[in-house]
Amino acid sequence: MSDNQALYTEEAIIGAVKRLLAGRVNELLGEVEFLIPPIELTHKSNGGYYAVTPELGISTCERSEKDRIVLLDAYKVTIIFTCPELNGERNCYAYAASVDRALREDPTLGGVADYALLIKKDYRGPKHPGTGEPWETELKIHVLVDF
């Protein structure tokens, strides 16, 4: 695989994750009983009360022997949601559950990947409750792509 193809693959994966977050995940958040701030990807509103902008990152990860044999590339996408302390714990759980459900409904990320699976949810509360420090949710998605 050339460097340009690898760059395009990573760009396509991040684009597909953004579409998933702005589309189906926001729909699922709108269906819950409580008001959960929607995900906005157009500008930086991280940790806001009206919208949340997650941090997205992608990296390659070690492929298993099976992945090498069937010619699959493996990537890890990291999504970090930062929520204000007020209702932050509940909102973090809602974001994680919505992303998990959206991935189970569309494990190919709209045809970009062969398979995407949420492999880790990590919740971090404020070190000192009551001081206004935010809650964080870190989600890791394992993505397999045919090359």
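Just so it is clear, the structure is predicted and the values come from calculations on it, not from any experiment.

## Remarks on the pairing of strand β4 (residues 135-146)
And then number 1: The element β4 is largely enclosed, with a buried count of 9 among its 12 residues.
And then number 2: Across 12 bridges, the pairing between strand β2 (residues 72-83) and β4 is antiparallel. Each residue of the ladder has a partner; that of phenylalanine 81, found in β4, is threonine 137.
And then number 3: Where strand β3 (residues 115-124) lies against β4, 9 bridges are found, and the strand directions are antiparallel. When the bridges of β4 are listed, arginine 124 appears paired with glutamate 136.

## Concerning the pattern of salt bridges
And then number 1: Throughout the structure, instances matching the rule amount to 10 salt bridges.
And then number 2: With its nearest N and O atoms 3.7 Å apart, the salt bridge here joins aspartate 100 to arginine 104. Taken as a pair, aspartate 100 and arginine 104 lie in helix α3 (residues 88-105) at a separation of 4 residues, close to a single helical turn.
And then number 3: We classify aspartate 100 as buried; its relative accessible area is 19%.
And then number 4: Across the pair arginine 124 and aspartate 122 runs a salt bridge whose closest N-O atoms are separated by 2.6 Å.
And then number 5: For aspartate 122, a relative accessible area of 24% puts it in the partly exposed group.

## Some details on the sheet that holds β4
And then number 1: Pairing within the open sheet is antiparallel, and its 4 strands lie in the order β1-β2-β4-β3. Each having just a single partner strand, β1 (55-60) and β3 make up the two edges of the open sheet. Sheet twist, expressed as the mean angle between neighbouring strand axes with direction ignored, is 20°.
And then number 2: Along the sheet, α3 contacts β2, β3 and β4; its crossing angle with β4, the most-contacted strand, is approximately 10°.

## Brief notes about the packing of aromatic side chains
And then number 1: In total, this model carries 2 aromatic pairs according to the counting rule given.
And then number 2: The interplanar angle of 5° and the centroid separation of 4.7 Å between the aromatic rings of phenylalanine 81 and tyrosine 95 together place this pair among those described as stacked. On the criterion of sequence distance, the pair formed by phenylalanine 81 in strand β2 and tyrosine 95 in helix α3 is long-range, its members being 14 residues apart. The pair formed by phenylalanine 81 and tyrosine 95 is uniform in burial state, with each residue classed as buried.

Analysis parameters
Residues numbered from 1 in each chain as written. Predicted model: local features only at pLDDT ≥ 70, side-chain atom pairs only at ≥ 80, totals over all residues. Heavy atoms only, no water. Buried < 20%, exposed > 50% of the residue type's maximum accessible area, 1.4 Å probe, protein only. Helix = DSSP H or I, 4+ residues; strand = E, 2+ residues; numbered from the N terminus. Pairing = 2+ DSSP bridges. Salt bridge = Lys/Arg side-chain N within 4 Å of Asp/Glu carboxyl O. Axes fitted to C-alpha atoms, helices over the stretch in contact; angles between N-to-C directions. Contact = heavy atoms within 4.5 Å. Phe/Tyr/Trp six-rings, centres within 6.5 Å; stacked < 30°, edge-to-face > 60°.

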